[in-house]
Each structure stands twice: as structure tokens, then as C-alpha cells.
Amino acid sequence: MSAPRIVYNEGYLDEQTKRVVRRALLKGVAIPGFQVPFASREVPMPRGWGTGGVQVTASVIGPEDTLKVIDQGADDTTNAVSIRAFFEKVAGAASTTRTDQATIIQTRHRIPETPLVENQILVYQVPIPEPLRMLEPRETETRRLHALEEYGLMYVKLYEDIAKYGHIARTYDYPVLVNGRYVMAPSPTPSFDNPKMHQSPALQLFGAGREKRIYAIPPYTDVESLGFEDYPFEPQRFDRPCEICGSTGVYLDEIIIDDRGGAMFACSDTDYCERTAQQRTEQQSTDTKEVTA
Amino acid sequence: MNDDRPLLSVTDAGHRYGDRFGCRNVSFDLWPGEVLAVVGESGSGKSTLLGILSQRLRVDEGSIRYRTARADGSGGREGSAEELLELSTLSEREVRRLWRTDWGFVHQNAAEGLRMHVSAGGNVGEPLMANGWRHYGQIRAKAEEWLRRVEIPAERIDDTPATFSGGMRQRVQIARNLVFEPRLVFMDEPTSGLDVSVQARLLDLIRSLVAELGLAVVIVTHDLAVARLISHRTLVMKDGAVIESGLTDRVLDDPQAAYTQLLVSSILQG
Amino acid sequence: MTYDMTHDLTHDMGTGMPPDTMLSVQDVRKTFTLHLQQSQRLPVLSGLTFDVPRGRCVVLGGESGSGKSTVMKMVYGNYGADSGRILLSHQGGVLDLVTAQPREVLAARRSTVGYVSQFLRAVPRVPALDVVAEPLVERGADREEARERAGVMLARLSIPERLWALPPATFSGGEQQRVNIARGFVTERPLLLLDEPTASLDARNRGVVIELIRERLAEGVGMLGIFHDADVREAVADATVDVHSFTAARQGSLA
């Protein structure tokens with residue numbers, strides 16, 4: 001094979017661009033939950049497919065990093081595999097599917113079930129960064145509302161839910177108050193994962209490529225899901241265990257298994273599921289051995 | 001009423017569109033509980049005046065002062081620290097606080113004053129939520145109370161204004177504006193565009209709520225009958241200037257200016 | 001029964017108000033300028049001077065067109081005056097209605113001066129009971145208590161109870177007039193202006209109105225009235241002011 005015709009800069013983006021993104025990230029970290037505008041660049045994938053997340057990852061990744069990419073909770077979807085391959089190629093970074101071995105995790109929806117630790121970075125791909133968008137379409141006005149801490153409107157949305165459904169029906173992108181100051185959209189993350197954002201030891205970075213916004217939650221920051229005194233936030237719950245690994249208290253996906261509408265419920269976090277199942281098998285074989293012995 | 005200081009004090013106020021004045025040399029004081037009608041034909045400057053009073057337009061000349069406590073003062077609404085403050089010196093945050101707590105604006109077109117796809121209850125509850133109410137049951141109870149006061153059937157609380165008639169929309173708008181019990185409400189032709197019978201009902205409602213709450217109101221109207229029914233005092237405007245002002249029934253019964261006499265003589269006798 | 005209509009200039013120099021007087025009209029001039037008719041100036045009254053003592057009923061006399069209604073409207077504040085003074089005993093002080101600010105005139109109407117005309121001007125949709133109760137509510141009375149007192153007044157004026165919840169706009173002329181009288185008499189304002197209140201009432205209701213007037217007079221209320229009916233006028237008048245003698249046109253022709 002001949003040498004590649006184009007030599008990409010490390011991390012694909014040029015150094016100037018990475019600096020621009022890093023500056024936005026630093027500002028985001030300094031003002032937790034505040035949406036920082038940035039000059040979103042072209043990356044080799046369509047907008048809306050995680051270009052914001054990719055630019056954030058590209059700006060923080062180095063050859064010594066280990067990257068995990070999940071789409072929903074899975075490491076093996078097309079998008080996740082492509083992004084992982086992309087950074088292996090342009091950043092020389094190692095990749096993994098194991099949460100506990102990753103230094104950077106890029107995600108579209110889920111926060112892994114395995115608790116994150118210090119020095120890990122969780123990068124969210126965000127489609128709509130403005131939590132007030134659906135109620136107030138004018139960007140000039142929503143920015144003013146954030147600046148002046150006028151969040152009555154956000155509660156109107158929650159009020160409407162309770163009036164209509166008897167409870168707050170929102171199960172994803174559930175608005176949070178960060179560090180007691182800015183109301184923030186957690187992107188399409190299920191509300192099940194909201195509590196994991198609170199006081200997380202990991203750094204959480206959010207990139208919205210099409211919308212040209214970056215925001216962040218530094219480690220150990222208060223993240224409070226909004227609610228009323230008499231209708232507080234309640235994360236989604238699943239009453240059953242995963243049918244593959246038997247875990248309880250995890251986020252389950254409904255998987256259609258036949259043409260007759262049969263379905264099973266299994267962990268959406270594939271890495272967690274595989275390792276839990278594996279541990280159980282090992283445990284069982286140890287038990288069996290002990291019994292035999 | 002027993003306070004010797006006005007709530008709103010306007011002195012020689014004017015606004016310029018390019019090199020032409022939309023209104024000029026307007027002066028008046030407004031006390032709590034007073035309803036002031038601004039009447040005139042299209043182009044008389046009455047809407048421009050409402051614009052500068054409500055800070056939608058810049059005050060190019062003169063001053064508009066409002067009685068309130070400084071943001072840093074501890075006085076609050078009832079506090080002794082209240083003083084007449086020049087509106088143009090207040091910060092945006094301060095002005096918006098006044099819009100949340102002290103002022104209301106009833107638009108001619110309800111769609112400008114309501115969120116048409118949020119329920120009536122949500123529309124009326126929003127000012128409460130904006131002022132920090134965080135108990136759903138209390139917000140809903142207050143919204144119900146106000147919808148009842150503006151004669152909207154309780155079972156419509158979860159319907160959106162988009163499904164309401166023009167008269168009902170205006171009543172929801174009034175409830176939304178009054179639910180936090182402001183001190184000063186601006187109204188821009190609130191009854192025009194409605195059927196005559198609906199108009200009468202709405203005017204009556206406005207009149208009784210204003211009296212009960214002791215509100216100060218500036219209402220802009222081209223309809224002298226509206227001014228007669230609900231206002232205490234009237235300013236007559238023409239070509240951007242106030243040409244006559246005073247007690248409403250004196251302005252209408254004993255008009256001094258030629259233009260006012262013409263306006264009054266043009267009223268259809270009911 | 002007469003009393004001195006001219007002014008004793010030795011009275012209270014501070015306010016210009018004679019003692020025990022509700023209303024003192026002093027040297028008032030009124031001209032209408034009709035801009036729509038080549039700015040024609042129409043002098044109506046000049047040198048108008050009279051007092052209304054407490055507990056007395058002063059009647060405005062003079063033929064139709066002499067300006068009796070103009071006098072009433074100036075005293076109530078609907079009309080301005082060109083010059084002179086219209087002094088009103090108001091809340092322990094004296095208010096000159098010629099120079100008073102609009103809000104002072106409003107305060108005077110709320111607590112001191114009541115107006116009963118033959119025409120009812122009420123908001124279309126309000127029930128009769130509330131039309132009558134409104135002046136009490138405006139003065140801070142409890143709404144239910146105000147309605148109760150309004151009901152008593154309506155009953156006295158023979159408005160059947162089944163009509164109380166209906167807006168007076170749907171009533172006959174006589175009924176509307178009685179609602180208006182009830183509204184005027186329901187409060188205890190110390191000066192009442194009666195503008196032909198009995199015009200078109202039957203004898204029985206005229207009698208009730210005379211009774212109401214006498215009760216109020218006995219309580220010390222001052223009244224200024226225009227009465228079309230000679231029998232009512234004779235029943236209640238303590239003194240008569242001949243408005244015609246202050247008619248500007250007449251004075252002009254005499255000069």
C-alpha cells in the first residue's frame with residue numbers, strides 16, 4: 001500500500017480549531033451549565049450524527065487516551081463503531097468497550113451503569129442544547145431568561161405534563177438545574193440517568209454541533225432535576241431484572257425477538273450486561289466446583 | 001389613594017420616529033386605583049405613548065418615573081424605601097422584575113399576550129411560577145380561582161386558548177395579568193375586535209376587578225364609550241400631543257378643545 | 001321659609017366657607033365655546049352665588065333652559081367653571097371644585113357628593129342589586145352587607161325582588177329611575193344633588209322619595225335639587241335659587 005494522500009492532524013481538527021473548542025470548554029467548566037457558543041466545524045459525518053460530541057472529543061483526546069463510544073447503551077452500533085474507528089485512525093487513541101478502562105466516553109444517550117470515576121471524561125452528543133426552546137423559540141429571549149435566571153417558563157412545561165398526565169411525563173432530556181444557577185438540557189439522556197449527573201466524579205462535557213453550543217458540568221457539581229414540591233422529580237424505574245444478566249435497577253431496552261411481537265427486556269448498557277453475565281457464569285462455575293469438591 | 005405620591009409620574013415625555021415625533025410633551029400623574037384612558041384616532045400618538053410607558057419604545061425626551069424600591073433596598077413592595085425612580089435608569093433585570101411583580105399588559109390581540117398552545121391553567125399559573133411558586137397544587141388552585149373570577153368554566157382549565165373564543169381569550173389574558181396582583185396594568189384596546197355584547201361583558205369585568213384590586217390602569221382606546229365606562233380620567237391625543245385632559249365625564253360632557261368636541265359629537269348615541 | 005342667600009363677608013376668611021354649610025357657590029361664571037359652530041361663545045351663567053347649609057334642601061328654580069342642569073353639573077364636576085369658587089365641605093376641610101384636581105373631585109364624589117339624575121348610566125351587564133350596592137363597595141363596605149342595604153332600598157322603592165339579579169338596562173324607564181334613586185340614597189354622603197329624581201314616578205313612589213329626602217335632611221344632609229313636580233318641591237324645599245337671575249344672556253340684555 002502507498003502512503004495516504006492526505007495526512008490529518010492529530011485528532012483530525014487543526015490545532016487552532018482545537019484551541020477554540022478548548023477555550024469554550026474551559027469557559028463551560030468555569031460556568032457550569034451555561035451554553036457557550038463556539039464555531040462549530042465540519043467533521044466527516046453529517047450534522048445531527050454527533051458532530052458536536054466528535055469535536056469535543058477531538059479537542060481533548062490524545063494518543064495516551066482510551067476511548068469508549070456508546071449509542072443508546074451499546075458499543076456495537078454503526079455510529080459508535082464508526083466514531084471509535086475514526087479516532088483510532090486520526091488520534092492514535094486506543095479504544096475499548098469497557099467503561100472502567102476508558103478515559104473518554106462519548107455518548108449519545110446513556111450514562112454507563114458502571115459508576116464513573118475521577119479523571120474520566122463523559123462527552124455528550126447534544127441535538128438541542130436549549131431547554132427552553134420548545135416554549136420560547138426566540139434565542140435572544142431564552143438567552144436573556146438564562147442571564148436573568150428567569151425559569152418560570154421551564155416549570156410551565158412541567159405543569160402542563162402534570163395537568164395532562166397526572167405526573168411529569170418527561171422521560172428523557174429532563175431539565176436540570178446545574179450548580180444552583182443554570183437550567184440545562186441533559187440532551188436525550190433518559191431521566192433514569194439524571195441522578196448519575198449529580199456530584200459525578202467525572203468531568204461531563206456537552207457538544208451540540210449543529211447548534212454550535214458547548215456546555216459542561218465539572219466533577220462534583222450539584223445537578224438537580226426540576227420538579228414541584230408536591231410533584232418532585234422521579235426517575236424512570238424498571239420493575240423487572242435484565243433477562244440476560246439478571247441485573248436489577250438498570251435501564252432496560254425492549255428487544256423484539258420474533259415476528260409475533262414477542263419481546264425481551266435487557267440492559268441497554270451492553271458492556272455492563274456482558275460483564276455481569278460473565279461474572280455470574282464464573283460465579284456459578286465456582287459454586288459448581290465448590291459443590292463438586 | 002391616601003398616599004400623596006403618584007405611582008407613575010410622566011413629565012414632558014416624547015418619542016421620535018426619525019425626525020418626526022410620535023408623541024411629545026406628555027405629562028400626567030397616575031395614582032393607585034386610578035384608571036386613565038388615552039383616547040384618539042389612529043395616528044394620534046396614543047399607541048406610541050403606551051409604547052414608551054411600557055418601555056417598548058425609547059423615551060427620547062422628558063421622563064417617566066415609577067414608585068418602587070431600589071433593587072438593593074430591603075423595602076420591597078410595601079417598604080418605606082419606595083421612591084419615584086426614573087425608568088430609564090433601571091437595569092434590565094430590575095425592569096423585568098417590575099414586569100413580573102408590579103406591571104401587567106393586556107394586548108388587543110390575545111395571541112400576543114398568551115401562549116396559545118399552553119393550557120389556560122398554565123397561562124394563568126406562569127406568572128406565579130415566574131415568581132418562584134413551586135407547589136403544583138397551590139399554583140393550580142390559584143389558577144382555578146382566577147379563571148373563575150374571569151368567568152371561564154372550571155372544566156376548561158386544561159384546554160388551550162387556541163380553542164377559545166375571542167372573548168374568552170381576553171379573559172384568560174386578564175387573569176394571567178392579574179393573578180400576581182400587580183399595581184399598574186397597561187391595556188391596549190382590550191375590547192376592540194370583539195362583538196358588542198362580549199365587549200360589554202369584558203368591560204364590566206375589567207371595571208370590577210380594577211376596583212376590587214385597587215389597580216392603576218392606563219387604557220388606550222379609540223372608543224369614547226369605553227373611556228366613559230371604565231376610566232376616571234381621560235387624555236385626548238391628536239397629532240402626537242395631549243390636547244385635553246381631565247376627569248373623564250368632564251372631558252366628555254364639557255369638552256373644551258375643538259377636536260374633543262368633534263370626537264364627542266361623533267359618538268353614536270346608545 | 002327663606003334664608004339669606006347673599007354672602008356675609010365676615011365669615012371664615014381662611015376658607016371662604018360659611019359655617020354649617022355643605023356647599024358655597026360664589027360668583028361663578030360659565031361659558032360654552034362651540035368650536036363646531038364657528039367657535040361661537042355661549043355665555044350661560046355669571047355671578048352665580050348661593051349656599052347649601054347642612055340639613056337644608058335648596059331648590060334651583062327658573063324656567064327651562066335657564067341653566068339649572070349646568071349648575072348641577074358644575075357642582076358635581078362634570079362641567080368646569082370659568083371663574084369663581086364652588087366650595088365644598090369635604091372630609092373636615094374645604095375643597096374648591098373650580099380648581100380641584102380630577103382625583104380630588106373623584107374623592108369628593110366617593111365620600112361627599114352624591115348625584116341622583118333621572119337617567120341611569122350603568123354598565124350594561126351588572127345586576128340591579130350591584131348597581132345600587134356599588135357606591136357602598138367603592139367606599140370600602142363589605143360586599144354582602146352592601147347588597148343587603150341595597151336590597152332594603154330597592155324594596156322601599158317597590159322594585160320587585162325578582163328583578164334584583166337582572167341588569168337595569170332591561171327595565172322600564174320608571175324602574176330604571178328608581179334603581180338610580182336607590183343608588184343615590186344608599187350611601188350617607190353629606191351632600192346630595194337631585195336632578196329631577198321624581199320626573200315620571202307614580203304618586204306612591206314620589207311619596208317614598210319625599211320620605212327619603214326628609215330622612216336624609218333630618219340627618220343633616222345638604223341637598224341641591226331640581227324638581228319638576230311642584231308638590232315634591234313644596235314638600236322638601238327650604239329655599240329657592242332663581243337661576244334665571246344669574247343667566248348671562250339676561251344680564252347682558254339688562255346691561
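- The name given to chain B in an unreviewed UniProt entry is Putative phosphonate transport system ATP-binding protein, with the source organism recorded as Arthrobacter subterraneus.

- Chain A appears in an unreviewed UniProt entry as Alpha-D-ribose 1-methylphosphonate 5-phosphate C-P lyase from Arthrobacter subterraneus.

**Overview of the interface of chain B and chain A**
Part 1 of the reasoning: Residue-level contacts link 21 residues of chain B with 20 residues of chain A.
Part 2 of the reasoning: Across the chain B to chain A interface the summed buried area is about 1900 Å²; carbon plus sulfur atoms make up 56%.
Part 3 of the reasoning: Of all residues in chain B, B:Arg96, B:Arg134 and B:Tyr136 give up the largest surface area on contact with chain A, accounting jointly for 39% of the area buried on that side.
Part 4 of the reasoning: Linking chain B with chain A are 4 salt bridges, by the criterion used here.
Part 5 of the reasoning: With its nearest N and O atoms 2.8 Å apart, the salt bridge here joins A:Glu150 to B:Arg100.
Part 6 of the reasoning: Applying the counting criterion to the chain B and chain A interface returns 14 residue pairs in polar contact (both at pLDDT 80 or more).
Part 7 of the reasoning: Along the lines of polarity and charge, the residues of the side of chain B that touches chain A split into 6 nonpolar, 6 polar and 9 charged.

**A few points about the packing of aromatic side chains**
Part 1 of the reasoning: Evaluated as defined, the whole model comprises 20 aromatic pairs over all chains.
Part 2 of the reasoning: Here the aromatic rings of A:Tyr159 and B:Tyr136 are separated by 5.1 Å at their centres, their planes lie at 40 degrees, and the arrangement is tilted. Linking A:Tyr159 in helix 5 (residues 152-165) with B:Tyr136 in helix 5 (residues 136-149), this pair reaches from one chain into another. Neither residue differs from the other here; A:Tyr159 and B:Tyr136 are each classed as buried.
Part 3 of the reasoning: When the ring of B:Tyr66 is compared with that of B:Trp103, the centres are 5.1 Å apart and the planes differ by 80 degrees; the resulting orientation is edge-to-face.

**Here's the deal with unusual backbone geometry**
Residues and elements named next belong to chain A.
Part 1 of the reasoning: Here the phi dihedral of Ser187 falls at roughly 65 degrees; this positive angle occurs in a residue that is not glycine.
Part 2 of the reasoning: Mapped onto the elements, Ser187 comes out in the loop between strand 7 (182-184) and helix 6 (194-197).
Part 3 of the reasoning: Given the relative accessible area of 0%, Ser187 is considered buried.
Part 4 of the reasoning: Unlike most non-glycine residues, Tyr220 shows phi in positive territory, near 55 degrees.
Part 5 of the reasoning: As for its placement among the helices and strands, Tyr220 is situated in the loop between strand 9 (213-217) and strand 10 (223-225).

**Topic: helix 1 (residues 68-76) of chain C**
All names here are of chain C.
Part 1 of the reasoning: Summarising burial for helix 1: 7 of the 9 residues are buried, a large majority.
Part 2 of the reasoning: Within the sequence span of helix 1, burial applies to Lys68, Thr70, Val71, Met72, Met74, Val75 and Tyr76.
Part 3 of the reasoning: Once helix 1 ends, the next one or two residues include Gly77, with phi positive near 100 degrees.

**Some remarks on the interface of chain C and chain B**
Part 1 of the reasoning: On the chain B side, the residues contacting the 24 residues of chain C number 26 residues.
Part 2 of the reasoning: Roughly 2300 Å² is buried in total at the junction of chain C and chain B, and carbon and sulfur atoms are behind 52% of that figure.
Part 3 of the reasoning: Residues C:Arg109 and B:Asp249 are paired through a salt bridge, measuring 2.7 Å at the closest nitrogen-oxygen approach.
Part 4 of the reasoning: On the surface where chain C and chain B come into contact, there are 9 residue pairs in polar contact (both at pLDDT 80 or more).
Part 5 of the reasoning: Counting only elements with at least two residues in the side of chain C that touches chain B, the list comes to strand 1 (21-34) and helix 2 (102-111) of chain C.

**Examining the sheet that holds strand 5 (residues 83-86) of chain B**
All names here are of chain B.
Part 1 of the reasoning: Spatial strand order, 2-1-4-5: 4 strands in an open sheet with antiparallel pairing. The open sheet has two edge strands with one neighbour each: strand 2 (20-30) and strand 5. Taking the axes of each pair of neighbouring strands and ignoring which way they run, one obtains an average angle of 25 degrees across the sheet.
Part 2 of the reasoning: Here 7 bridges tie strand 1 (residues 8-17) to strand 2, and the two strands are oriented antiparallel to one another. Of the residues in strand 2, the one forming a bridge with Leu8 is Leu30.
Part 3 of the reasoning: Packed on one face of the sheet, helix 1 (residues 46-53) meets strand 1, strand 2 and strand 4 (61-68) and runs near 115 degrees to strand 1.

**A few points about the nonpolar core**
Part 1 of the reasoning: Core analysis: the biggest nonpolar cluster contains 98 residues, and A:Phe87, A:Tyr159, A:Phe228, B:Val124, B:Val172, B:Ile174 and B:Ile219 have the highest contact counts within it.
Part 2 of the reasoning: For this core, the element with the highest residue contribution is helix 5 of chain A, accounting for 8 residues.
Part 3 of the reasoning: If we ignore the near neighbours within four places in the chain, the residues touching B:Val172 are B:Leu114, B:Ala120, B:Asn123, B:Val124, B:Leu147, B:Ile152 and B:Phe164.

**A few points about the domain arrangement of chain A**
Residue and element names in this part refer to chain A.
Part 1 of the reasoning: You can read the domains of chain A as domain 1 (15-225) and domain 2 (252-292).
Part 2 of the reasoning: Each of domain 1 and domain 2 was reduced to a C-alpha centroid, and the two centroids are 29 Å apart.
Part 3 of the reasoning: Facing 12 residues of domain 1, the contacting portion of domain 2 comprises 6 residues.
Part 4 of the reasoning: Of the roughly 750 Å² buried between domain 1 and domain 2 on both sides combined, carbon and sulfur atoms contribute 38%.
Part 5 of the reasoning: At the junction of domain 1 with domain 2, the criterion picks out 1 salt bridge.
Part 6 of the reasoning: The salt bridge involving Asp100 is made with Arg275; its shortest N-O contact spans 3.8 Å.
Part 7 of the reasoning: For the pair domain 1 and domain 2, the interface holds 6 residue pairs in polar contact (both at pLDDT 80 or more).

Definitions and cut-offs
What you see as residue numbers is a count from 1 along each chain, following the sequence as written. Chains and ligands are labelled by the order in which they are written, letters from A for the one and numbers from 1 for the other. Note on the predicted model: pLDDT of at least 70 is required for a residue's local features to be given, and 80 or more for side-chain atom pairs to be given and counted; whole-chain, interface and lining totals, by contrast, use all residues. Working from all heavy atoms in the structure, the side-chain values ignore hydrogens and water. Only heavy atoms enter the contact rule, under which two residues are in contact if any of them lie within 4.5 Å. When two parts are brought into contact, each loses some accessible area as probed by a 1.4 Å sphere; the total of that loss over both is the buried area. The term salt bridge refers to a pairing of a side-chain nitrogen on Lys or Arg with a carboxyl oxygen on Asp or Glu at a separation within 4 Å. Within 3.5 Å is the distance limit for a polar contact, defined as a pair of N or O atoms, with the added protein rule that one can donate a hydrogen and the other accept it, and that residues adjacent in sequence qualify only through two side-chain atoms. Note on residue classes: Ala, Val, Leu, Ile, Met, Phe, Trp, Tyr, Cys and Pro are nonpolar, Asp, Glu, Lys and Arg are charged, and everything else, Gly too, is polar. Classification of ring pairs rests on two measures: the distance between centres of Phe, Tyr or Trp rings, Trp counted by its six-membered ring, which must be within 6.5 Å, and the angle between planes, read as stacked under 30 degrees, edge-to-face over 60 and tilted in between. Put simply, DSSP marks the helices as runs of H or I at least four residues long and the strands as runs of E at least two long, and each gets a number from the N terminus on. For every residue, the accessible area (1.4 Å probe, protein chains only) is compared with the maximum for its type, and the residue is labelled buried under 20%, exposed over 50%, or partly exposed between those bounds. For two strands to count as paired, DSSP must find a minimum of two bridges between them. Note on geometry: axes are lines fitted to C-alpha atoms, helical ones only across the stretch in contact, with angles between N-to-C directions running from 0 to 180 degrees. In these notes, a set of buried Ala, Val, Leu, Ile, Met, Phe, Trp, Tyr and Cys residues joined through side-chain atoms within 4.5 Å is what counts as a nonpolar core. Domain delimitation follows an automatic or database domain assignment.

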